[in-house]
Amino acid sequence: MTASEPRLRFGVHSGQQYESFGEIRELWQRAEELGYDWCSVFDHLRPPMGGPAGPCFEGTTLLSALAASTSRVRCALMVAPVAWRHPAVLAALAATIDHVSDGRVELGIGVGGADLAHGQYGLPQPPRADRLGMLEETAEVLRGLWSGEPVTFVGKHFRLTEAHLRPVPVQPRLPLVVGGVSEPVLRTVARHGDVWNSLLADPAEYRERSARLDRLCEEAGRDPASVRRSMTFRALLVEDPAELPGELERLRRRYPPDSPVWPEYLVFGTPEQCAEALRPYVGLGVTDFVLGVRPPVDWRCVTLFSDQVVPQLRASR
């Protein structure tokens, strides 16, 4: 990231549960045309929300193709489970895509969550305590290899001996996004992260988490303001409130009442209501607002957010 980065950034988290590359490429290119600052995919192979046989592209190769298909938006993987790849492999992947994108990549890492690939493919899922240790070690290794200097590292989970990575990323400091809200994760954010990402939480809960991160940054000798705060959420937007009941019914037919998607919705309403719901988070220090989008793409929501919500929030600063 550079000093020219906007104080507030607005993005689309597209995921990759699409039937064709053309669908997701169209979304990213349209998002860029609409003025969004950021687009991201995730790093699941068999996400539970898609069911055991749902479509899902592989995240890192897809990110590279999408980076090559855009020219301005930041391109992010959010977030890579640290148990799936050796950090040296992840470092090389990110550096390569940074070259493909001409310096627009942001790499997210996390401890990993539910994924049907563990059962279907037999991929290992170490205990959470081990994955928390792997998160810290992965961040250290990434930073070391991206520096261009030889790295020798001996940790509990990973070992490198006079390890090299060339070419290094285009960006002098490739932004590292760390996702999660637990104390150990926030400690890794404070030590190594450039962006902290979390899902929607009520303002009081978000304030408490952000204060914990501030304290941990100070303990690590870092300015808390040096870490951007990113929040991912969903919204259902309509211009005419009379349209809302029908649109809500459409969503209810798609998602059962117990679907994990419902708590991610910030608002069901107009762009004005969405902007009003987001303003408290601007006051709490959120700098990056990432709109979650799933297929079939709700183009009206994507467009209303960029055309009407974003200008209101930028003007309120």
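Below is a summary of the structure that appears in this document.

Definitions and cut-offs
Residues numbered from 1 in each chain as written. Predicted model: local features only at pLDDT ≥ 70, side-chain atom pairs only at ≥ 80, totals over all residues. Heavy atoms only, no water. Phe/Tyr/Trp six-rings, centres within 6.5 Å; stacked < 30°, edge-to-face > 60°. Helix = DSSP H or I, 4+ residues; strand = E, 2+ residues; numbered from the N terminus. Buried < 20%, exposed > 50% of the residue type's maximum accessible area, 1.4 Å probe, protein only. Right-handed = clockwise from strand over helix to strand, strands pointing away. Pairing = 2+ DSSP bridges. Expected span 1.5 Å × (residues − 1). Bend = angle between axes of the 7 residues up to and from the residue. Contact = heavy atoms within 4.5 Å. Salt bridge = Lys/Arg side-chain N within 4 Å of Asp/Glu carboxyl O. Core = buried A, V, L, I, M, F, W, Y, C linked by side-chain atoms within 4.5 Å.

## Regarding the packing of aromatic side chains
Taken as a whole and assessed by the stated rule, the structure comprises 10 aromatic pairs. Measuring from centroid to centroid gives 6.2 Å for Tyr206 and Tyr281, while their planes differ by 85 degrees, and the two rings are edge-to-face. Within this pair, whereas Tyr206 is found in helix H7 (residues 203-219), its partner Tyr281 is found in helix H9 (residues 271-283), the two being separated by 75 residues in sequence. Classification of Tyr206 as buried rests on a relative accessible area of 0%. For Tyr281, a relative accessible area of 4% corresponds to the buried category. Ring centres of Tyr265 and Phe268 lie 5.0 Å apart, and the angle between their planes is 20 degrees; on these two criteria the pair is classed as stacked. A residue is classified by how much of its surface remains accessible, and Phe268, at 29% relative accessible area, is partly exposed.

## Describing the pairing of strand S9 (residues 228-237)
Most of S9 is tucked away, with 10 of its 10 residues classed as buried. Traced from strand S8 (residues 195-199) through H7 to S9, the parallel crossover comes out right-handed. Relative to strand S11 (residues 288-292), S9 is paired through four bridges, and the arrangement is parallel. Within the sheet, the bridge partner assigned to Phe233 lies in S11 and is Leu291.

## Focus on helix H10 (residues 299-316)
The end-to-end C-alpha separation of H10 is 25 Å, in line with the 26 Å expected for 18 residues at 1.5 Å each. Of all the bends found along H10, the most pronounced is centred on Phe305 and spans about 35 degrees. Taken residue by residue, H10 has Cys301, Val302, Leu304, Phe305, Ser306, Val309, Val310 and Leu313 as its buried positions. Along its buried surface, H10 packs onto strand S1 (9-13), S9, H9 and S11.

## Observations regarding the pattern of salt bridges
Counting across every chain of the model gives 25 salt bridges. Residue Glu183 pairs with Arg187 through a salt bridge whose shortest N-O separation is 3.9 Å. Of the two residues, Glu183 and Arg187 both sit in helix H6 (residues 183-192), four residues apart, roughly one turn of that helix. By relative accessible area, which is 25% here, Glu183 ends up partly exposed. One salt bridge in this structure joins Arg229 and Asp214, with 2.7 Å as the shortest N-O distance. With Arg229 in strand S9 and Asp214 in helix H7, this pair connects stretches of sequence that are 15 residues apart.

## Quick word on the nonpolar core
Core analysis: the largest hydrophobic core is formed by 81 residues, its most contacted members being Ile109, Leu278, Phe289 and Phe305. If we ignore the near neighbours within four places in the chain, the residues touching Ile109 are Val79, Ala80, Val82, Leu90, Leu135, Thr138, Ala139, Leu142, Leu176, Val177, Val178 and Gly179. Val238, Leu244, Leu251 and Tyr255 belong to the second largest nonpolar core, which has nine residues in total.

## A few points about the pairing of strand S4 (residues 105-110)
With six of its six residues buried, S4 lies for the most part within the structure. Neither face of S4 is exposed, since Val105, Leu107 and Ile109 on one face and Glu106, Gly108 and Gly110 on the opposite face are all buried. In this structure, strand S3 (residues 74-81) lies alongside S4, joined through five bridges in parallel fashion. For Cys75, the partnering residue across the bridge sits in S4 and is Val105. At this point the chain moves from S3, through helix H3 (residues 87-100), to the parallel S4, and the crossover so formed is right-handed. Strand direction decides the pairing type here: S4 and strand S7 (residues 176-179), joined by three bridges, are parallel. From the neighbouring strand, Gly108 faces S7, where its bridge partner is Val177.

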